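# Fold and geometry: a report
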Amino acid sequence: MLSLRNIVLLLLSITVFAPIVLYTDRLSTFNSPSTKQDFIEDVTAFSLSATDTGHLNLLPQETSSVLKEPVGVVYTEDSTDTKNLSRDLRLMESREHASARVLYTTTEEDQAQRDNPIKQVTDGIKQGNQGGSISAKADSTSENVSGEDAIDVDDNDGKHTKSAQVSNQESHIKATKQEQPATETSSNVNKRGPILSNKQKDQTPSDARVQQLKDQLIQAKVYLSLPAVKATPHLTRELRLRVKEVTRTLGDRSEDAELPRNVNERMKAMEQSLLKGKQIQDDCAAFVKKLRAMLHSTEEQLRAHKKQALLLTQLTAKTLPKGLHCLPLRLTTEYYYSNYSQKPFPKQEKLEDPQLYHYAIFSDNILATAVVVNSVTANAKDASKHVFHIVSDRLNYVAMRMWFLVNPPGKATIQVQNIEDFTWLNSSYSPVLKQLNSPAMIDYYFKAHRATSDSNLKYRNPKYLSILNHLRFYLPEIFPKLNKVLFLDDDIVVQKDLTGLWSVDLKGNVNGAVETCGENFHRFDRYLNFSNPLIAKNFDPRACGWAYGMNIFDLAEWKRQNITEVYHNWQNLNHDRTLWKLGTLPPGLITFWKRTFPLNRSWHTLGLGYNPNVNQKDIDRAAVIHYNGNLKPWLEISIPRFRGYWTKYVNYNHVYLRECNINP
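Let us look at the structure shown here. (Residues numbered from 1 in each chain as written. Predicted model: local features only at pLDDT ≥ 70, side-chain atom pairs only at ≥ 80, totals over all residues. Heavy atoms only, no water.)

### Points about the overall build of the chain
Scanning the chain from terminus to terminus reveals 29 helices and 12 strands. Burial statistics for the chain: of 664 residues in total, 44% are counted as buried. A separation threshold of at least 6 residues defines the contact pool for the chain, and within that pool the share at least 24 residues apart is 78%. (Helix = DSSP H or I, 4+ residues; strand = E, 2+ residues; numbered from the N terminus. Buried < 20%, exposed > 50% of the residue type's maximum accessible area, 1.4 Å probe, protein only. Contact = heavy atoms within 4.5 Å.)

### Focus on unusual backbone geometry
One non-glycine residue, K347, lies in the positive phi region at around 55°. As for its placement among the helices and strands, K347 is situated in the loop between α15 (322-337) and β3 (357-362). Of note in the backbone geometry, N661 takes a positive phi value of approximately 55° without being a glycine. By the secondary structure assignment, N661 is in the segment after α29 (655-659). For N661, a relative accessible area of 56% corresponds to the exposed category.

### Let's talk about the nonpolar core
Ranked by size, the top nonpolar core spans 65 residues in total, and within it L327, F404, L486, L488, L498, L599 and W646 carry the most contacts. Discounting chain neighbours no more than four positions away, the residues touching L599 are L501, V504, G512, A513, V514, M550 and I552. (Core = buried A, V, L, I, M, F, W, Y, C linked by side-chain atoms within 4.5 Å.)

### Considerations on the sheet that holds strand β10 (residues 596-598)
Taken in spatial order, the 7 strands make up an open sheet running β5-β4-β3-β6-β9-β8-β10, and their pairing is mixed. Strands with a single pairing partner mark the edges of an open sheet, and in this sheet they are β5 (413-418) and β10. Within the sheet, the average angular offset between the axes of one strand and its neighbour, ignoring direction, is 25°. As defined by bridge partners, strand β6 (residues 484-488) adjoins strand β9 (residues 550-554) across 5 bridges and the pair is classed as antiparallel. The residue of β9 that forms the bridge with L486 is I552. With respect to the sheet, helix α16 (residues 366-379) is in contact with β3, β4 (386-392) and β6, its orientation differing from that of β4 by roughly 175°. Of the strands in this sheet, β4 and β5 are in contact with helix α17 (residues 397-406), which crosses β5 at around 165°. (Pairing = 2+ DSSP bridges. Axes fitted to C-alpha atoms, helices over the stretch in contact; angles between N-to-C directions.)

### Observations regarding the packing of aromatic side chains
As enumerated under the stated definition, the model contains 23 aromatic pairs in all. Between W424 and Y429, the ring centres sit 6.2 Å apart and the planes meet at 85°, which makes this aromatic pair edge-to-face. When its relative accessible area of 27% is taken as the criterion, W424 is described as partly exposed. We classify Y429 as partly exposed; its relative accessible area is 31%. The positively charged end of R472 is found above the aromatic ring belonging to Y548, 4.7 Å away from the centroid. (Phe/Tyr/Trp six-rings, centres within 6.5 Å; stacked < 30°, edge-to-face > 60°. Lys NZ or Arg CZ within 6 Å of the ring centre and 35° of its normal.)

Quick look at the structure:
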């Protein structure tokens, strides 16, 4: 009787205490993150196996982005040696002997996402890993798929396969396995479908559909040119119709956001038509041959258009707009009609005062010169200390003088001179003047058969025939009593006070300029002929070039080093233009070789006349911005982004500008 009671007590203790021991042991092994992750994977595998045997207990009908710590595991069937087996082996054996139910808790955030299907999360992650956008994938299909339906249901890692008959409960468990390392992504899912991460959004091109439409047009045109398709009239008509529709849809749009709402339908219709053409045409060699022919033809057209654009740009840069041609005529007429010839400029006693700030501007463009003067005085701290020396040619001297008599630059002093009055500047003194008047130079510029060529078009600009362009090499002769002069081109705009340039220590150099060696084409070998031994011997082809347009010249040092004579010697050596082509920068690089002090780049920013991508920060911080290039701000071909910096210093309500119909 006693032994029977002992047996009953033993069985009772096993029945009561064994589950407690098993449960506490499970919790102790669940504390580490790696063990917790293994447990989740085991539960997932176990649940899937239970589905196959029909013993899976259904989970609650809500979605949880993070699996919480289980409250317990309830085994429905007895297993004799379960305690002695490892956890992984026990779960594998459970496929035949047991089923389980995982009890877990959810947070308020999880409960708020009950109507978010986990299927969308897993498939959304798959598409994100593939790097494609949902909209682009949906548009490439042959059916009208919405944002919700355009989600691939295949598992990305290939560990599990799904059929259309899999229940939502199985989807929940599979999603739990994939979502554990990607909690943040799953929490961003809304009711309409998955939202890709910011990184994935940034990788999606903004013109994906536009490019797809262009590709479809190319394919359709290739099919239309193939014999097999031409022999099928109904398909030919259909493809032509699709080409018209897509062309009209595309237009000149460059972004997907600009496309009309019916773009998806037209893309799908074109895709179906292309599929028919593909079924008819099975000769890949013919298709490739036609594509190569189209590519070759397109490249030839591109080269021809580039050549034509270059020629037209050069012609436009040479041509004086009608309004700017009218302005000097109107001013000249008014000058003599109103007897302004007897009226002098005020404050002429300041013209030779070396204590003031002197500017040299050599130009035949009245409006451009006015902008330079206006921008300098508008930004000067004390305009009364600034003196402008303007030199123009014979045709524009009177008009230039008339303009500044009618529009004086405030407190600043101005002088307008005629280059014809410089009697010392003649062909016997200046080699460049002798060369410009030579028959060979005239033939180079004006022979019709050469004008048709695009070679050296840059150097066929009439400005190179003007001695005004070379007058910068004779500053000490023009201003014999001055110590320093700031030379300014007429295609610049001043944005800050420039008086600091006169206090820059040039360290014994003659020229102070901003270097322009940021690109290879701004180095010496771009301007000089280093195949000539005379150039190769004396200069470094990789030396950094510098910018003409805003240069501070030390005239005292100029005279001491006899710079004008250096310039003349090199001009005589280049009488046949073998050392460099025409222009003033190449002889300037040679003349001021090792005599140029590099100024801070914030003084002078270039490129506004040819480069639409000039950095905005460089423009904002620059004291002087330079429209070097063909796209001058007074021409219609100027870059619109930069035009406002120039037009702000032009009073378009001026009577002379209105009469000549000069508009911004």
